[in-house]
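Okay, here's what each chain looks like letter by letter:
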Amino acid sequence: MDQQSYGSAVEDSAGREVANVGDIESFFYIVRAAPQHRDHLPCLWWNDGDLNNKPQDYRMTVHVFGVTSSPGFANYSLKKVADLYEPKYGKDAAEFVRKGFYVDDSLLSVSTVEDAH
C-alpha cells in the first residue's frame, strides 16, 4: 500500500462499523541491514559528547528511521514475512500484511463486528 492508497483506505473505511489501526513499534530497528550494506549506514559518535574529540566511526546493523531507503526495506521485509508465514497463519493474514500496511502502519476496516472475528 502506498501513501495515496493509504489515504484512500482511510476514506473507504467511513461508514464501516469496525476499524483497526495498528503500528509496528520501532519497526526500522527490527529490520536488519545485510552486512554488505552496512557501509552505507555510517554513524559518527563522539565520546562524552565532546565534539573536540575525534569521532568513532560505526556502521548501523539495522535500518534507521529517516534514511531514504528504510521504507523500501520495511515494505520488502513485511512482504517477505507474509510469504514465509502464509502456510502457518493462512492466506487472509498474509494478504492483510501484503496489502494492509503503509510502511509500519496498518489499517483494516470491516462492515460488522462479526466480520472482525
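The structure we're discussing is the one just above.
Residues numbered from 1 in each chain as written. Predicted model: local features only at pLDDT ≥ 70, side-chain atom pairs only at ≥ 80, totals over all residues. Heavy atoms only, no water.

Across a sheet, strands are paired by hydrogen bonds formed along the backbone, either parallel or antiparallel in direction. With antiparallel pairing, the three strands of this open sheet are ordered in space as E1-E5-E4. Every interior strand has two partners, whereas the edge strands, strand E1 (18–23) and strand E4 (101–102), have only one. For E4 and strand E5 (residues 105–110), the ladder comprises two bridges, and the chain directions are antiparallel. Paired with Phe101 across the strands is Ser106, a residue of E5. (Pairing = 2+ DSSP bridges. Helix = DSSP H or I, 4+ residues; strand = E, 2+ residues; numbered from the N terminus.)

A full pass over the atoms with the stated rule returns four aromatic pairs. Each ring, one from Tyr85 and one from Tyr89, has its centre 6.3 Å from the other, and the planes form 45°; the classification is tilted. Of this pair, Tyr85 and Tyr89 both sit in helix H3 (residues 70–89), separated by four residues, roughly a single helical turn. When its relative accessible area of 44% is taken as the criterion, Tyr85 is described as partly exposed. Judged by centre distance (5.6 Å) and plane angle (55°), the rings of Phe96 and Phe101 are tilted. Phe96 sits in the partly exposed class, given a relative accessible area of 28%. Here the aromatic residues Phe27, Phe28 and Phe65 are joined through ring pairs into a cluster of three or more. (Phe/Tyr/Trp six-rings, centres within 6.5 Å; stacked < 30°, edge-to-face > 60°. Buried < 20%, exposed > 50% of the residue type's maximum accessible area, 1.4 Å probe, protein only.)

Turning to H3, a few remarks are in order. The end-to-end C-alpha separation of H3 is 26 Å, in line with the 28 Å expected for 20 residues at 1.5 Å each. Its axis deflected by about 35° at Asp83, H3 carries its strongest bend there, up to four residues before the proline Pro87. Each element contacted by the buried residues of H3 is listed here: helix H2 (27–30), helix H4 (91–99) and E4. Looking at the residues trailing H3, positive phi occurs at Gly90, about 100°. (Expected span 1.5 Å × (residues − 1). Bend = angle between axes of the 7 residues up to and from the residue. Contact = heavy atoms within 4.5 Å.)

A few words on the environment of Pro55. Inspection of the secondary structure puts Pro55 in the loop between strand E2 (42–45) and strand E3 (56–59). Expressed as a C-alpha distance, the spacing of Pro55 and Trp45, which sit 10 residues apart in the sequence, is 5.2 Å. Residues contacting Pro55, with those up to four places away along its chain left out, are Leu44, Trp45 and Trp46.

Taken by themselves, the reported measurements are silent on function.
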